[in-house]
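What the coordinates show
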Amino acid sequence: MYSYNTDNKRKGARNMISFKVIEESLHHPDVGIYTAFGICAYHDKSGKHVVSVSDVFLNRNDAEALVQRCNLHKLSLVHLADVIEDAIAH
């Protein structure tokens, strides 16, 4: 599940993006309540939320490792969905 914030888009403006882990308590009819970890991207300067991807991992360490790689390599949001797909496929 993606959640976007489209406020303050300026043509030509390039903001640095950072990623962090989000912890969620979710419910599924087949398994009940469970804890999942997602990824949130935000602007470094303003701290504003840009996008979040919910329910990506069940293990915090896996989520932290992906976020660390995204921040280390200064991942562009254009590639976020592909990077998440690759991470959960392995």
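Everything in this summary refers to the structure shown in the same document. (Residues numbered from 1 in each chain as written. Predicted model: local features only at pLDDT ≥ 70, side-chain atom pairs only at ≥ 80, totals over all residues. Heavy atoms only, no water.)

**Some words on the nonpolar core**
Most often, soluble globular proteins keep nonpolar side chains buried together rather than apart. Counting residues in each nonpolar core, the largest one holds 19 residues, and the members touching the most others are F19, I39, F57, L66, L80 and I84. Secondary-structure elements contributing two or more residues to this core are β2 (17-28), β3 (32-43), β4 (49-57), α1 (60-72) and α2 (80-89). At 5 residues, β4 tops the list of elements feeding residues into this core. With residues near it in sequence (within four places) discarded, L80 still touches F19, V51, V53 and L75. (Core = buried A, V, L, I, M, F, W, Y, C linked by side-chain atoms within 4.5 Å. Buried < 20%, exposed > 50% of the residue type's maximum accessible area, 1.4 Å probe, protein only. Helix = DSSP H or I, 4+ residues; strand = E, 2+ residues; numbered from the N terminus. Contact = heavy atoms within 4.5 Å.)

**Notes on the packing of α1 against α2**
In contact at an axis separation of 11 Å, α1 and α2 are set at 145° when each is read in the N-to-C sense. Once α1 is placed against α2, the crossing between them reads as right-handed. Facing L66, R69 and C70 of α1, the residues of α2 in contact are V83, I84 and A87. Tallied by class, residues from the contact of α1 with α2 come to 5 nonpolar, no polar and 1 charged. (Axes fitted to C-alpha atoms, helices over the stretch in contact; angles between N-to-C directions. Left-handed = near helix turned anticlockwise from the far one by under 90°. Nonpolar A, V, L, I, M, F, W, Y, C, P; charged D, E, K, R; others polar.)

**Focus on the environment of G38**
Structurally, G38 is set in strand β3. It is 7.0 Å that separates the C-alpha atoms of G38 and A63, two residues lying 25 residues apart in sequence.

**Considering the side chain of S18**
On the secondary structure map, S18 appears in strand β2. Here the side chain of S18 touches D44 through a polar contact of 2.3 Å, side chain to side chain. Those residues in contact with S18 that lie beyond four places of it in its chain are C40, A41, Y42, D44 and N71. (Polar contact = N/O pair within 3.5 Å; in protein donor to acceptor, adjacent residues only side chain to side chain.)

**Digging into the pattern of salt bridges**
Between side chains of opposite charge, pairing is possible as soon as their charged atoms come close. Scanning the entire structure with this criterion turns up 2 salt bridges. Notably, a salt bridge pairs R60 with E23, separated by 2.5 Å at the nearest N-O pair. Note that R60 is positioned in helix α1 and E23 in strand β2, a separation of 37 residues in sequence. R60 serves as the salt-bridge partner of E64, at 3.2 Å between the closest nitrogen and oxygen. Of this pair, E64 and R60 both sit in helix α1, 4 residues apart, roughly one helical turn. Classification of E64 as partly exposed rests on a relative accessible area of 35%. Sharing partners across several salt bridges, the network here consists of E23, R60 and E64. (Salt bridge = Lys/Arg side-chain N within 4 Å of Asp/Glu carboxyl O.)

**Let's talk about the pairing of β4**
Along any regular strand, the residues point their side chains to alternate faces of the sheet. The pairing of β3 with β4 spans 5 bridges and is classified as antiparallel. Paired with A41 across the bridge in β4 is V51. The hairpin formed by β3 and β4 contains 5 residues between the paired strands, and G47 there has a positive phi angle of roughly 75°. (Pairing = 2+ DSSP bridges.)

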